[in-house]
Every structure is written in C-alpha cells, then in structure tokens.
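Understanding the architecture of this molecule
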Amino acid sequence: MALRIGTGYDVHRLTEGRPLILGGVDIPHDKGLLGHSDADVLVHAVMDAILGALCLGDIGKHFPDTDPAYKGISSITLLEHVAELMWTQGYQIGNIDATILAQKPKLASYIQEMRENIARAAGTELSRVSVKATTEEGLGFTGTEQGIAVQAVVLLTRQEEDHAAF
C-alpha cells in the first residue's frame, strides 16, 4: 500500500463585519475571518495538507485570491475539488488530524459538525477525520485574538478496489 503524508498550516486575521466559518460551520462570534473566500482557515489547512501530500502545490496555486470566481466561495466546495484531484491521482484519505488555535470562541460544541462537513467534502468516513481546538493561553496573535490558525496533517493511501463506496 502506497502512503503519502502532507502538512498544512493556515492563518487568517479576525475582523469585524465577517462571519466566522470553521469547518463549514457558521459560528456565532463578534468577529469573523478576513479572506477572499469564506476564509475557513480549518478547511484551508486541510486542503494544503492534501495538496502537499500529492505534490500539487498549495491552495493559492489552485484557487488564487486574485480570481473573482473564488470571491466569497465556500471552502467546503473547494475541498470537494481538492478531493477530486486526490482521487484522480489514485489516493484516498487514510486520516486527517487538524488542530485549531483560537483563544475565543469556545469551539467544543461545533467540532462534530466540522468533522462531518470535512469528511463529506473529502469523500471519507467520519472516523478518519479528527478536529481539535486549543488556546495559546493568551500568547501570540491567536492568544490576543488577532487571528485564528490551524495546523493539519493528512495521511493518504492508495485507493482500494472499493473506492466507489466513498
């Protein structure tokens, strides 16, 4: 079985007047993330990890912020496209592990829905997607609530005969 590992990291600034979308979930908060798309930093890190494992560059290469077609687009839609690229290369998700770094808001009650959204868009089982959240104890730009960051790792495996089940 062929294996590939990729890592992803993304960060977006918190700003007023924008929704806070993480893992495709609209989370009530007084600030949202600044970006060309919906600025879903979690999904962006996951996409970068998948693209990195496939040696296909990063999300900026595939979805440039200079292209008006991606203005305000759902990052879940973009993840579906990245999943198609993955399948075309003959791979599927072995597992995804992502950590959100945010001082506020508290995210525990949204994690399950984030996992479900990512699993569905990536065409994999829920049991293969892990999402965690932590604070940085008031330190750094995430600790002072200037932004939110995400680190993601993905393991890809060669597609098996039953890939159509995904």
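Above this text is the structure in question.
Just so it is clear, the model here is predicted, and its values are computed rather than measured. (Residues numbered from 1 in each chain as written. Predicted model: local features only at pLDDT ≥ 70, side-chain atom pairs only at ≥ 80, totals over all residues. Heavy atoms only, no water.)

Comments concerning a nonpolar patch on the surface
Taken together, Y9, V11 and F141 make up a surface patch of nonpolar side chains, about 250 Å² in accessible area. With respect to the helices and strands, F141 occurs in helix α5 (residues 140–143). You can call F141 partly exposed: its relative accessible area is 33%. (Patch = residues over 30% accessible without salt bridge, like charges linked within 9 Å, V, L, I, M, F, W, Y side chains within 5 Å. Areas by Shrake-Rupley, 256 points an atom, 1.4 Å probe, with all protein chains shown as cover. Salt bridge = Lys/Arg side-chain N within 4 Å of Asp/Glu carboxyl O. Helix = DSSP H or I, 4+ residues; strand = E, 2+ residues; numbered from the N terminus. Buried < 20%, exposed > 50% of the residue type's maximum accessible area, 1.4 Å probe, protein only.)

Looking at the layout of surface pockets
In this structure, the largest pocket encloses a volume near 210 Å³. Lining the largest pocket, in full, are H12, G35, H36, S37, H44, I59, G60, F63, P64, D65, Y70 and L78. A class-by-class count of the residues in the lining of the largest pocket yields five nonpolar, six polar and one charged. (1 Å grid on protein atoms, 1.4 Å probe; cavity = no way out; pocket = protein on both sides within 12 Å on 5 of 7 lines; lining within 4 Å. Points joined across faces, edges and corners; volume = space filled by probe spheres on them. Nonpolar A, V, L, I, M, F, W, Y, C, P; charged D, E, K, R; others polar.)

With respect to the sheet that holds strand β1 (residues 3–15)
In space, the five strands of this open sheet follow the order β4-β1-β7-β5-β6, with mixed pairing throughout. Across the chains shown, the open sheet's two edge strands, defined by having one partner strand only, are β4 (32–33) and β6 (129–134). Sheet topology note: the strand β5 (residues 91–101)/strand β7 (residues 147–158) ladder contains 10 bridges and is antiparallel. Each bridged residue has a counterpart across the sheet, and for A98 the counterpart in β7 is A152. Together, β5 and β6 form the strand contacts of helix α4 (residues 111–122), whose direction differs from that of β6 by roughly 145 degrees. (Pairing = 2+ DSSP bridges. Contact = heavy atoms within 4.5 Å. Axes fitted to C-alpha atoms, helices over the stretch in contact; angles between N-to-C directions.)

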